[in-house]
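# Fold and geometry: a report
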Amino acid sequence: MAPTTTVETVRLTIDGVQVTVPKGTLVIEAARQMGVMIPHFCYHPKLTPDANCRMCLVEIEKVPKLQTSCSTPVAEGMVVRTATTVVNEAHKSVLEFILANHPLDCPVCDQGGRCDLQDFSHQYTPTTSRFAETKRIFPKEYFSAAIETQMNRCVQCLRCVRYCDQVMDVNALAPSGRGTMTEIKHFGAHPLDCEFCGGCVQICPVGAITSRLSMYEFRPWMLKRADTTCTYCGDGCQITLQTKGNDLIEVMSAQGAGRNNGDLCARGFFGYHVSTHQDRLLHPLIRRDGKLVQATWEDALEHVAGRAMQLKMAHGGQAFAGLIGSRCTNEDLYVFQKFMRLAIGTNKLDSSARYGHINGVRALRRVQGTHRWTVTFEDIVDAQALLLVGTNITEANPITGLKVKEAVKKHGAALVTIEALQPAVGTISNIANLSAHHFGVHPDRFQTVVLGLIKAVVEEGLVAPPLAQRAPAYVKAIGDAVKALAWPAIEQQTGATSASLKDAARVFAKTSRAVILVGQGVLRQPGGSGLTTTLLDLLLLTGHHGLAGCGVAPLAEENNDQGAVEMGAVAEYLPGPSDLGDHAARQRLAQLWKEEVPQAPGRTLMDMLDEARAGTVKAMFIVGENPAGALPPSAKAGEALEKLDLLVCQELFLTETAALAHVVLPACSYAEKDGTFTNTEGHVQPVRQAIEPLGESRPDWEILSGLSVLLGAPLEYGDAKEITNEIRSLLPGHGLLGAGPKPPRPDDAVVTKYLTEGFRSDLAARYAPAKPADPHAGQLTLLSAQSLFHSGKFSTRAKGLLQIQSTGSLAVNPADAGRLGLADGSQVRLSNQQGHMTTAVKLLDRIPEGLAVFPEHFDQDLRRLLSVAADPQTGVPYCKSTKVKIEKL
Amino acid sequence: MPKHELILLKNMTQPGYTGSLKDYEKAGGYQALKKILGKVQPADVTQMVMKSGLRGRGGAGFPTGVKWNFLPKDYKGPKYLCCNADESEPGTFKDRQLMERDPHQVLEGIAIAAYAIGAEHSYIYIRGEFVLGARILEKAVAEARAAGYLGKNVLGSGATIHIYVHRGAGAYICGEETALLESLEGKRGLPRVKPPFPATHGLYNKPTVVNNVETLANLPHIVNRGPEWFAAIGSPPKSTGTRIFCVSGHVKRPGNYEVPMGITLRELIFEHAGGMRSDKKLKAIIPGGASAPFLTEQHLDVKLDFESVAAAGSMLGSGGVTVMEEGTNMVWAALRLMEFFFHESCGKCSPCREGSSWLTQTLRRILAKRGRMEDLETLKQLCQNIAGRTVCAFGDAEVAPIMSTLQYWRHEYEELIREAEAHREKELPMAAARH
Amino acid sequence: MLKEKYGKEIDDILSRYPVKRSALLPLLYLAQREQGYVTEAAMKEIAQILKLTPPQVYETITFYTMLNLKPVGKFHIQVCKSLMCALVGSDQLVGWFHAKLGIKPGETTPDKLFTLSVVECLGACGTGPMMQINDDYYERLTEQKVDQILSDLRKTGTCPLKSGPFMWPEPVGGKK
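Note that the structure is predicted; figures quoted are calculated from it, not measured. (Residues numbered from 1 in each chain as written. Chains lettered and ligands numbered in written order. Predicted model: local features only at pLDDT ≥ 70, side-chain atom pairs only at ≥ 80, totals over all residues.)

### Concerning the overall build of chain A
Note the threshold: Secondary structure elements are taken from DSSP: a helix is a run of H or I of four residues or more, a strand is a run of E of two residues or more, and numbering for both begins at the N terminus. With C-beta atoms placed from the backbone, a residue counts as buried when 20 or more other C-beta atoms lie within 10 Å of its own, as exposed when 12 or fewer do, and as partly exposed for counts between those limits. The contact rule is simple: place each C-beta atom from the backbone, and if two of them lie within 7 Å, those residues are in contact.
A tally of regular secondary structure across chain A gives 30 helices and 36 strands. Each principal axis of the C-alpha atoms in chain A carries an extent, and together these give about 85 × 70 × 65 Å. Within chain A, the proportion of its 889 residues that are buried is 58%. Expressed as a percentage of contacts within chain A between residues at least 6 apart in sequence, the contacts between residues at least 24 apart total 73%.

If you want it as structure tokens, here you go:
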């Protein structure tokens, strides 16, 4: 059980007012809590105090010298004075020093108007300075395409440097030189190469580090602000979109705001230009004589409705299918599935949660009856042991990654990692470097490592006694299964020793708060759902399952994967989610919708394409999803879609799929509409309109609503809020928009069912060691994976991100490169039975030997090498890896 | 010939003494270590040092035994001892002599301290420029290890005492104990915020003691001859033992002189160091390294012990005594030291970082006869605004030259400024018109 | 690559510290021994050995005056200019070098033999004016001594005037 701790408190007096705060609170924080703002530059609640700016001096009774309130913890009976003459004089004098060398270029400084130095100067300093000497001047140096430094403005508080180290674990910023000539650099004259999280820009109290993307484009007070939710990954960061007219100027995230606590990644901070990209579709398009030509909304909608009515009359609702992307809001997703079920009359609908997220949800529902995490980000931070499996967390879920870093770096959590990574220091952080027990293996061996851990748990007597009592058969079955596995085979396949697995198992089992994070390396690989289930077994066996702060947490890749599932925009679920066949759920829906939900079963993405190919599906509505671009050519998605009699796409851009459509309807991006996203934790967060819709574009729900009217089954809503309210009436508790999610508890009945019988069905498959096909000589395993700087294909239209990464290259381990005679930048030809491509290689120590990783965002050529196989149970199309031959060109 | 017994410099002044292990043993070396290892409880060694009244010879003068006593008792993890050999206070050059001429005396001192505090690993942080000193120490460590005075199970006592020589790389601030620890950890040498103090969170965040070379070199003698003997030397009860004073500047015989604490500046300068190098009068004295405020000839009878020098408005500091003769420009002298501090300010704290550059520039301007009378008030206020407002004592140190020269030789500043004003009226009609 | 050439020495250095980063200054000295300054390749290699980022190595180097990021002459003359040496003629010493080598502080002779720097206190205040050339101290300098030092260094690469184990005043009984 989690220890219940009573927080020790301390009473002190600040400026004559008595306050009680938790022991260990810093004086500056205690003062802030009672509304007294002690001026400061170097202090930041996220960072360990450095007390270097000396601005926050206060008087403390019985202490002879003034003390820095940022580094002084409160003490019982302490008497603090923050505004006496002596203190004010000290503040003034420190400011005078800080201002001595500061250039007064406020009129052209992007920080002007929101600058701590300006504000404190305004508060304290007379209008003239006694400084009559020459100001320090640094030669202007180029820093990077995305981030600008103006070192003359620097107050040397080192917040940027400390943030880069303590929060990000990147260590890309070097305070170089010493004394007043200290300046923030990267590596000598090299331009910055880092995670580009923008944290240094955000945390700089003055205008020394700014974004080049918006340089000189604004004065802060001219900007309009909209607090909304980032659209790039499942972490669901709160961002503030700042706009001028209808232009997106910059993104920030206020300290302490959102699930991200104000932290962002490159995608969130620099990726905001997609919405206003010049290629945005501004008008509806109708295919006439084989060409898509501009049309009015009226014509386009009538055209769609007319064709749809014809097809429905001729073939019935079952000839239709629908697909929606998980970047859409919950409101879009909800209306979409309702549209398909009611206006069209089919359950053949699916979303991009099918690409992997559904694997995690299915496992959670199977074992514990929840569709969400039983933990929150706070539980990750507070965890004593964390197990990461195939998360690629820095790249895929960077902010969840920060929670893991915080748990390890600040709170000393034991980290166990099973990742396709090697510990190595690079330009971006590497979670394996923080890991106490790292198992660096290829994705096809993750399962073997997990089985090794379970075997260790069983053999080391770490199975929790209450479980052994509650489910002896389960424990025995698993015990038998892992006993049948031989250590030498496990060791040989994973390269890990049984001793190291036992060490990790002990650490994991013996803590009271344990969280398992499961990433795309599991969920998007064959057997993803099964391995997630097995990880739940691990949690059950060690007795953590069901305890507060413990759980298995599958990470969502897309920002609203979780919402897509909860809104019932997947083949197997109704909103809730409830099983399609769940009688009670159907009744509830029928009551609310005043119409029956169709009976026929759903169809997953791959099934739909098969049906389109076979001609049983004749029309498709595709909303913000691009199977022709996302699946490899070998899936022949394009060919299937071409056979359709009607393909309607709602899109921002003319994607590969939209280019095949009969009608293309221009949709709004998240910046132009209201609604909600549900993040990976299951927390529903607001999306707020920041700019007017571009051209004639409309929110997806509004387009579907318009169509439904024409189809004679009107789904009418005045605004997104009305949809949110309908969702809430259907799903009580949905979207309460609080500070954090309230995680569900496992459903005991479901757990019992799983422990008695449910576990058996696929036990043999789950507990067999993986049989990875070893590549032949000269072959590597090619992995198409997420980069930190992009998200799907969406972000490849963000100019800021393209400045950071504009192409893909093949990352390989230097040892492999040595064997293949490759150097950094060598051109290579990759080939297999499917096809071939050429690319440049990049040597990276953190890539394990035998693996070659290519960013999926630039996979136009790479896709030709991939084949696709759908999971027999969950229908997830696996197309992320293959074996390739590499030859130097 | 000295009128008193030499303790620390004794061996090396013997004819033919090379500082080798053999010579050191012949002179009674390592007897102290043998006397205590496995025979005297570590806590009793600490008691002995407390009783001797030994105070740190690096500058701050903190009682050594008390410092050791701050380490957490019953601490199970590793503890460290660092020998501060970063001798970098301008005017100070005694540790170099101790290390280069009698390295084993230092090593034995380290071994005794390491045993007393329970540190298995000790580091000698020696300033980078002392390449020869580092080599000599390395060689001595190897000799001592081979002879069983260092290493595992020293002299069969079961105690482990490893000593490593670690070279700094050119940064005055690394003589500050927490900056030293940062530097030893391979980082930029920026002082740490205290508390926590090194005694609980030192090297690698472990309990750590940092002691100066001369401080440690005293230990074998205290052990051998007893704390009472030591406590009777010098000016008891607060300033016991001898000090090696480093005399530099305008004297006939500059150099290191080991004398009991409590002799006067006059004795040190005129008897030991041979008096002024020319027939010019003595004008100014820095009694304790560059961080110590200047004194004047009025202070020649001040006793060289911690309390007396402090009472005279300066500090005994590191024992560097610099003498200046009549004719030395005090603004120039203050500027030279200010330039040093400007160059060496690590840049952590705003007042010191910005203040050192501001003060340096203003002094330069005054010396170049471009000053204004109001500059003097600004100088004084800036100094007051730096002192006591920084993480380490550097801030207090850097204002000492200006504050003290302004106190005793303000007229020299004023003369330069009056000349400046005379010029200014000719050169800058605008400025003149304003008056 | 340092590791190939100094593998054993590097291992020995690493063995002295429980935390790798402590070996940074010793390894930088080792790198500087090679070419008189720390090259970018060396910084990267050391970063890799110590599991640091190159910026962490770089920031550390720039804090310390003895580590060079640019090539210096074969003999790096560093004259102490702090007050104690200035009282006994260090400015004059700098002047002599200017006259004899034609270079000002911060400059290197065209033959890349000598680089002249003025530095702050080297801890030899009783024997000023003084200087350090590469690893060696030269103290109580006079113009004649400077001439001899320069000529010896040119001819033999070393000079007997360099200081031995320090003791001042010299012990009674004469010179070593």
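### A closer look at the overall build of chain B
The cut-off we apply is this: When we talk radius of gyration, it's over C-alpha atoms, and the globule rule is simply 2.2 Å times the number of residues to the 0.38.
Along chain B, the regular secondary structure elements total 19 helices and 11 strands. Computed over its C-alpha atoms, the radius of gyration of chain B comes to 23 Å, within 12% of the 22 Å expected for a compact globule of 435 residues. The buried share among the 435 residues of chain B stands at 61%. Across chain B, the fraction of contacts at a sequence separation of at least 24, relative to all contacts at a separation of at least 6, is 70%.

### Notes on the environment of Arg140(C)
On the secondary structure map, Arg140(C) appears in the loop between β4 (136–138) and α7 (143–156). For Arg140(C), a count of 16 C-beta atoms within 10 Å translates into the label partly exposed.

### Here's the deal with the interface of chain A and chain B
What counts here: Think of it as three bins: nonpolar holds Ala, Val, Leu, Ile, Met, Phe, Trp, Tyr, Cys and Pro, charged holds Asp, Glu, Lys and Arg, and polar takes everything else, Gly as well.
Contacts between the two partners involve 27 residues from chain A, matched on the other side by 23 residues from chain B. For the side of chain A that touches chain B, the element with the highest residue contribution is helix α2 (residues 85–100) of chain A, accounting for six residues. Grouping the constituent residues of the side of chain A that touches chain B by class yields 11 nonpolar, nine polar and seven charged.

### Structural notes on the interface of chain B and chain C
In this complex, chain B contributes 50 residues to the contact, which on the side of chain C involves 38 residues. In terms of residue count, the dominant contributor to the side of chain B that touches chain C is helix α15 (residues 330–344) of chain B (six residues).

### Digging into the sheet that holds strand β21 (residues 551–554) of chain A
Residue and element names in this part refer to chain A. Formally: By definition, two strands form a pair when at least two bridges between them are found by DSSP. Each axis is a line fitted through C-alpha atoms, taken for helices only over the stretch in contact, and angles between the N-to-C directions span 0 to 180 degrees.
One open sheet holds the five strands; their spatial order is β19-β18-β17-β20-β21, and the pairing between them is parallel. Either end of the sheet is taken by a strand with one partner, and the two such strands are β19 (437–440) and β21. For this sheet, the mean angle separating the axes of adjacent strands, direction not counted, is 10 degrees. Taken together, the five bridges between strand β17 (residues 385–389) and strand β18 (residues 414–419) define a ladder with parallel strand orientation. Opposite Val389, over in β18, you have Ile418 as the bridge partner.

### A word on the packing of helix α1 (residues 2–14) of chain C against helix α3 (residues 40–50) of chain C
Between two packed helices, what matters for the description is the angle formed by their axes and the separation of those axes. Residues and elements named next belong to chain C. Applicable threshold: The cut-offs work like this: below 35 degrees is roughly parallel, past 145 is roughly antiparallel, 65 to 115 is roughly perpendicular, and the gaps in between are oblique. Rotating anticlockwise by less than a right angle from the far helix to the near helix defines a left-handed crossing, while the corresponding clockwise rotation defines a right-handed one.
The N-to-C vectors of α1 and α3 enclose an angle of 45 degrees; their axes lie 12 Å apart at closest approach. Classified by the angle their axes make, α1 and α3 are oblique. The way α1 lies across α3 gives a crossing that is right-handed. Contact residues: α1 offers Leu2, Lys3 and Ile10, while α3 offers Ala42, Glu45 and Ile49. Across the contact of α1 with α3, the residue classes break down as four nonpolar, no polar and two charged.

### Thoughts on the packing of helix α13 (residues 446–459) of chain A against helix α19 (residues 528–541) of chain A
Residues and elements named next belong to chain A. Direction vectors running N to C along α13 and α19 enclose 20 degrees, while the axes themselves pass 10 Å from each other. Between α13 and α19, the angle is such that the two are roughly parallel. As for how α13 packs across α19, the hand of that crossing is left-handed. In contact with Phe446, Gln447, Val450, Leu453, Ile454 and Val457 of α13, α19 contributes Leu531, Thr534, Leu535, Asp537, Leu538 and Leu541.

### With respect to the confidence of the model for chain B
All names here are of chain B. Counted only if it meets this: The predictor rates its confidence in each residue with pLDDT, a number between 0 and 100.
When the pLDDT values of chain B are averaged, the result is 95; 97% of them are 70 or greater. Between residues 431–435, whose pLDDT stays under 50, and residues either more than four places distant or in other chains, the model counts three contacts. The ipTM assigned to the predicted complex is 0.97, against a pTM of 0.96.

### Comments concerning the pairing of β17(A)
Residues and elements named next belong to chain A. Where burial is concerned, most of β17 is hidden: five out of the five residues are buried. Both faces of β17 are covered, namely the face carrying Ala385, Leu387 and Val389 and the face carrying Leu386 and Leu388. Here β17 runs beside strand β20 (residues 514–518); their pairing, made up of five bridges, is parallel. Paired with Val389 across the strands is Val518, a residue of β20.

### Concerning the sheet that holds strand β2 (residues 121–126) of chain B
Residue and element names in this part refer to chain B. The sheet built from four strands is open, its strands ordered β3-β2-β1-β4 with parallel pairing. Only two strands of the sheet have a single partner each, and these edge strands are β3 (162–167) and β4 (208–212). Each adjacent strand pair in this sheet contributes to an overall mean axis angle of 20 degrees, direction not counted. In this sheet, β3 lies alongside β2 in parallel orientation, the contact comprising six bridges. The residue of β3 that forms the bridge with Tyr123 is Tyr164.

### Re the environment of Ala142(B)
Residue and element names in this part refer to chain B. Position of Ala142 relative to the elements: it lies in helix α8 (residues 131–146). Exposure remark for Ala142: the 12 C-beta atoms within 10 Å place this residue in the exposed category. Separated by 22 residues in the primary sequence, Ala142 and Tyr164 have C-alpha atoms spaced 10.0 Å apart.

### Some thoughts on the nonpolar core
Here is the rule we go by: Any nonpolar core is a set of buried residues, restricted to Ala, Val, Leu, Ile, Met, Phe, Trp, Tyr and Cys, that join up through C-beta atoms within 7 Å.
Formed by 473 residues in total, the largest nonpolar core has its most connected members in Cys160(A), Leu386(A), Val450(A), Met620(A), Cys82(B), Ile112(B) and Leu268(B). A total of 11 residues in this core trace back to one element, the largest contributor, which is helix α18 (residues 394–427) of chain B.

### As for helix α7 (residues 297–315) of chain A
Residues separated by three or four positions in an α-helix point in the same direction, a consequence of the helix having 3.6 residues per turn. Residue and element names in this part refer to chain A. For clarity, the cut-off: To estimate how far a helix should extend, the number of its residues minus one is multiplied by 1.5 Å. Regarding the arc, it is the one traced by the directions from the helix axis to the C-beta atoms.
Given a rise of 1.5 Å per residue, 19 residues ought to cover 27 Å, and the 26 Å separating the end C-alpha atoms of α7 matches this to within 8%. Of the positions making up α7, those classed as buried are Ala300, Leu301, His303, Val304, Ala308 and Lys312. Buried residues of α7, seen end-on, are gathered within an arc of 155 degrees and therefore sit on one face of the element. In α7, those exposed residues whose orientation departs by more than 90 degrees from the buried face are Glu298, Met313 and Ala314.

### Regarding unusual backbone geometry
The peptide bond linking Gly576(A) to Pro577(A) adopts the cis configuration, its omega dihedral lying at -5 degrees. As for its placement among the helices and strands, Pro577(A) is situated in the loop between β22 (573–574) and β23 (578–579). A cis amide bond links Pro195(B) with the next residue in sequence, Pro196(B), at an omega value of 5 degrees. Here Pro196(B) lies in the loop between α9 (177–184) and β4. Its identity as a non-glycine residue notwithstanding, Asn153(B) has a phi of 50 degrees, on the positive side. Structurally, Asn153(B) is set in the loop between α8 and β3. Although it is not a glycine, Lys369(B) sits at a positive phi angle of roughly 60 degrees.

### So, the environment of Gly156(B)
Assignment of secondary structure puts Gly156(B) in the loop between α8 and β3. Overall, Gly156(B) belongs to the exposed group, with 9 C-beta atoms counted inside 10 Å.

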